[in-house]
Amino acid sequence: MTVAHNINGIHPAVSEQSSVNEPQLSSIHINNDEEVSCVPQASSFDQQRIQVCLEFQDVRFGVRQSKGLFNRKPEDKEILKGISGIVKPGQLLAIMGASGAGKSTLLNVLAGRMSSSGNYFASGSVRLNGEKREFSVFKKISAYVMQDDNMFAELTVHEQITLSCLLRLPNTMAIEKKKQRVQEVIQEMGLSHVANTMIGSETKRGVSGGERKRVSIATELVTNPSLLFLDEPTSGLDAFNAQNVMQSLLKLAKNGRTVITTIHQPRSDIFNMFDMLMLLSEGRVMYFGPAKDAVFYFEGIGYPCPQHYNPADFFLDVISRDGRSKEAEQESQKKIEYLGNCFEKYGKQLIVENSMKELEEDDVQMYTKPSKSNLNSEKFANSYTFEFLLLAKRAFKLEIREKASNIARVAQTLFFAVFLGLIWLNKGRNISYRDYDAVAGILFFLLINQSFISAFGTVFVLPLERTIVLRERASGMYRVSAYYLSKTLIELPRNALLCIVYVILLYWMVGLQATARDFFLSYVIVYLTVLTAEGLASAVASSAPNPQVAAAITPAFIVTSLLFGGFFLSSGQIPNYFIWLKYLSFFHYSYGSLLQVQFENWKFYDQASCPVGGVCTGSAVLQKLGPSLSLGGNLGLLITLLVSFRALTYAILRLRGPKFDQTL
Ligand SMILES: Nc1ncnc2c1ncn2[C@@H]1O[C@H](COP(=O)(O)OP(=O)(O)OP(=O)(O)O)[C@@H](O)[C@H]1O
């Protein structure tokens, strides 16, 4: 397939008002004579891949913004202003432009990742092999690598890719084949030497930045996607790593994939890897066509690239708005206007339309039509049980590998148990009826201390974990219920162990009711309270955008529960209009239960000398402090709140899941 465009003697009169030099588009020779490889190579898996040609025509996209608190009439902001292009299998398209040019927005629209919040408008068409794309098919043949490489730091590269592979490839495929695919992807992305290294994070040493990005790409690559979208894959990488990543992408493209990436400011050696280039400025196309022809094009319209200059830097200089002064801004604005008009008039017609015509004529027949019948039509590739077991295995690994937080939790538990035990040493033994409220205070504190530790552990972890889960769910890896159920169940033993250590130490140091039944019930109450506090914190944290917000709002919920828990305010002291808060306070039920367990058979050493009407026996204390429900009733409601908070967390995670709109 050979295409040669010769554009001679075109004199666009597009900049009459412009102060920019009048261009003489005298001799632009756009040469697209490279054979595009449509033949998959490499692994056996590659042969099953559908070849995809992505065309987009006159794509417009904008958002509706409200102008302020008191002006509710939304204002439209157009971000993409009629973008067209075409990318074929075997090609690597780089979308370049200054910050705010609309690169990520275009990538998202092409990948169908416009948030379905409805606060936007979009028009134009995006077609796959000449046909309107079907969401379910598109999802299966494409992959999206986000700019942020959110992955679990404690997993090894091999584990991360294996999980993705096992969960995304269909259950009809033998496990052995899936494992073989893992090896292929690891090799394809040049990760063999770090396969058993922890991924790591900013605070934990792991693989290098470039390797991390390649792990992120490999995670998406397991399904052998035909179409790969990447948002700024080189951002934050040093020159060496950036080049490595781009080389990997080039290799993927040359294996017959269609690769589209946004990139900010590539070095010249990276620039030379691009097959196709799209230059965007302020939502308009400044250039689209073979990357190697861009310099000729700009020369032809009056912007010659200086010798020995990185073309990428040159293009960015030319197409960026210069905001250093008002004059400079106006000047650059006119230049952008002119470049946009030039491309509209000449480049677009000659490059985009020719390519599309050419595709209509022959290429489309070369590709298998991506239809449901070619692909596994199930929404999830594997059964619920399989997902649950794999996610539980991952949750367990993460649980035992998070050494720092585990050590911190154990240390806090031991410290508080011994510290509080020493403060209240023997306070439960031989106590006067005059001090019954001191025992009540100890019981209340017994409940809140562990609950706080647990709740705050969740608050900082869940929002970060949610971003990973969101990415995984966006790729259709698993059901959110399988994730949340496995995580919840795997975390149960940790709390059970910490609570038992805490309760044993504190219980015997303070000298609470020394029967097996009372000890066991007290332990169960503390444990259920901790799980409920954690459930409440999970619900709040899962709705917060980040750990900072979660940490700021969770105390409000926990402290309110505390206040209405029965120790600080008796029922009679709560104003009628706030009485409902008492019923929502989980401490109200756990404190009520613990009072019942401890005071039911409590004996004060001096209760024989009780004055008339005094609170001198355990049952008198219970009457005075007044848990209104039976032990069973309190425990039942505590468990109800525990289940409700967990169910609420699940509902929030589900509602706040990935939502894509692929109307184009
Ligand atoms: N939801 C939104 N609401 C308002 N403005 C938006 C929204 N999304 C994008 N924009 C604006 O649209 C423009 C293009 O954004 P986009 O993120 O696509 O740019 P970009 O070229 O990827 O920039 P960068 O290289 O800095 O990531 C920016 O001015 C941005 O502020």
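Residues numbered from 1 in each chain as written. Predicted model: local features only at pLDDT ≥ 70, side-chain atom pairs only at ≥ 80, totals over all residues. Heavy atoms only, no water.

Let us now look at the overall build of the protein. Along its length, the protein carries 20 helices and 14 strands. Counting only residues that meet the buried cut, the protein has 54% of its 664 residues in that class. A separation threshold of at least 6 residues defines the contact pool for the protein, and within that pool the share at least 24 residues apart is 78%. (Helix = DSSP H or I, 4+ residues; strand = E, 2+ residues; numbered from the N terminus. Buried < 20%, exposed > 50% of the residue type's maximum accessible area, 1.4 Å probe, protein only. Contact = heavy atoms within 4.5 Å.)

It is worth spelling out the pairing of strand 13 (residues 284–290) at this point. The buried fraction of strand 13 is high, at seven of seven residues. Where strand 12 (residues 276–281) and strand 13 come together, six bridges link them in antiparallel fashion. Within strand 13, the position partnered with Ser281 by the bridge is Arg284. Here strand 12 folds back onto strand 13 in antiparallel fashion, the turn holding two residues, of which Glu282 has a positive phi close to 50 degrees. (Pairing = 2+ DSSP bridges.)

Relative to the helices and strands, Glu159 resides in helix 3 (residues 157–168). Of the residues examined, Glu159 reaches a relative accessible area of 17% and is grouped as buried. The contact partners of Glu159, leaving out residues within four places of it in the chain, are Glu154, Lys397 and Arg401.

With that settled, consider a nonpolar patch on the surface. On the surface, Tyr577, Phe578, Trp580 and Leu584 cluster together into a nonpolar patch covering about 470 Å² of accessible area. Structurally, the position occupied by Trp580 is in helix 17 (residues 579–584). (Patch = residues over 30% accessible without salt bridge, like charges linked within 9 Å, V, L, I, M, F, W, Y side chains within 5 Å. Areas by Shrake-Rupley, 256 points an atom, 1.4 Å probe, with all protein chains shown as cover. Salt bridge = Lys/Arg side-chain N within 4 Å of Asp/Glu carboxyl O.)

As a further point, take the nonpolar core. One finds Leu228, Phe229, Phe274, Leu277, Met278 and Phe298 to be the most contacted residues of the largest nonpolar core, which totals 98 residues. With residues near it in sequence (within four places) discarded, Phe298 still touches Leu279, Met286, Tyr287, Tyr303, Pro304, Phe314, Phe315, Val318, Ile319 and Leu339. Tyr433, Leu447, Leu531 and Phe587 belong to the second-largest nonpolar core, a separate cluster that totals 77 residues. (Core = buried A, V, L, I, M, F, W, Y, C linked by side-chain atoms within 4.5 Å.)

Contact geometry for helix 13 (residues 436–474) and helix 18 (residues 586–599): axes closest at 10 Å, N-to-C directions at 135 degrees. Compared by their axis directions, helix 13 and helix 18 come out oblique. Relative to helix 18, helix 13 is oriented so that their crossing is right-handed. Of the residues in helix 18, those in contact with Tyr436, Val439, Ala440, Leu443, Phe444, Leu446, Leu447, Ile448 and Ser451 of helix 13 are Phe587, Ser590, Tyr591, Leu594, Leu595, Gln598 and Phe599. (Axes fitted to C-alpha atoms, helices over the stretch in contact; angles between N-to-C directions. Parallel < 35°, antiparallel > 145°, perpendicular 65-115°, else oblique. Left-handed = near helix turned anticlockwise from the far one by under 90°.)

The next thing to look at is the packing of aromatic side chains. Taken as a whole and judged by the stated rule, the model has 34 aromatic pairs. An angle of 75 degrees between the planes, with centres 5.2 Å apart, marks the rings of Phe415 and Phe416 as edge-to-face. For the pair Trp602 and Phe604, a centre-to-centre distance of 6.3 Å together with 50 degrees between the ring planes defines the contact as tilted. Of the two residues examined, Trp602 and Phe604, each falls in the buried class. (Phe/Tyr/Trp six-rings, centres within 6.5 Å; stacked < 30°, edge-to-face > 60°.)

Turning next to the pairing of strand 12. Most of strand 12 sits out of view: six of its six residues are buried. Covered by surrounding structure in strand 12 are Met276, Met278 and Leu280 together with Leu277, Leu279 and Ser281, the residues of both alternating faces. Relative to strand 12, strand 5 (residues 92–97) is paired through five bridges, and the arrangement is parallel. Bridging from a neighbouring strand, Ile95 pairs with Met278 of strand 12.

Moving on, we come to the sheet that holds strand 11 (residues 258–263). Taken in spatial order, the six strands line up as 9-10-11-5-12-13 in an open sheet, and their pairing is mixed. Each having just a single partner strand, strand 9 (142–145) and strand 13 make up the two edges of the open sheet. On average, adjacent strands in this sheet sit at an angle of 15 degrees to one another, irrespective of strand direction. Against the sheet, helix 6 (residues 239–254) touches strand 5, strand 10 (227–230) and strand 11, its axis set at about 155 degrees to strand 11. Each of strand 5, strand 12 and strand 13 is contacted by helix 9 (residues 311–319), which is oriented at about 25 degrees to strand 12, the strand it contacts most.

Scanning the model with the defined rule gives 26 salt bridges in all. When the shortest N-O distance is used, the salt bridge between Arg168 and Glu220 registers 3.0 Å. Placement of the pair is Arg168 in helix 3 and Glu220 in helix 5 (residues 209–221), with a sequence separation of 52 residues. One salt bridge in this structure joins Glu282 and Arg321, with 2.6 Å as the shortest N-O distance. Highlighted residues: Glu282 in the loop between strand 12 and strand 13 and Arg321 in the loop between helix 9 and helix 10 (326–366), separated in sequence by 39 residues.

By nearness alone, 14 residues border the ligand, and Ser99, Gly100, Lys103, Ser104 and Thr105 come closest of all. At 3.1 Å, a backbone N or O of Ala101 approaches an oxygen atom of the ligand. The side chain of Lys103 places a nitrogen or oxygen atom 2.8 Å from an oxygen atom of the ligand. For the ligand, the accessible surface in isolation is 640 Å², of which the surrounding protein chains cover 61%. Contributions of two or more residues to the shell around the ligand are made by strand 3 (54–66), strand 4 (74–87) and helix 1 (103–110). The biggest single contributor to the shell around the ligand is helix 1, with three residues. Grouping the constituent residues of the shell around the ligand by class yields four nonpolar, seven polar and three charged. (Near = heavy atom within 4 Å. Polar contact = N/O pair within 3.5 Å; in protein donor to acceptor, adjacent residues only side chain to side chain. Nonpolar A, V, L, I, M, F, W, Y, C, P; charged D, E, K, R; others polar.)

Turning our attention to a positive patch on the surface. On the surface, Lys139, Lys140, Lys379 and Arg654 cluster together into a positively charged patch. Its place among the elements puts Lys140 in helix 2 (residues 135–141). Residue Lys140 is classed as partly exposed on the basis of its relative accessible area, which comes to 30%. (Lys, Arg positive; Asp, Glu negative; His and termini not counted. Charge placed at Lys NZ, Arg CZ, Asp CG, Glu CD.)

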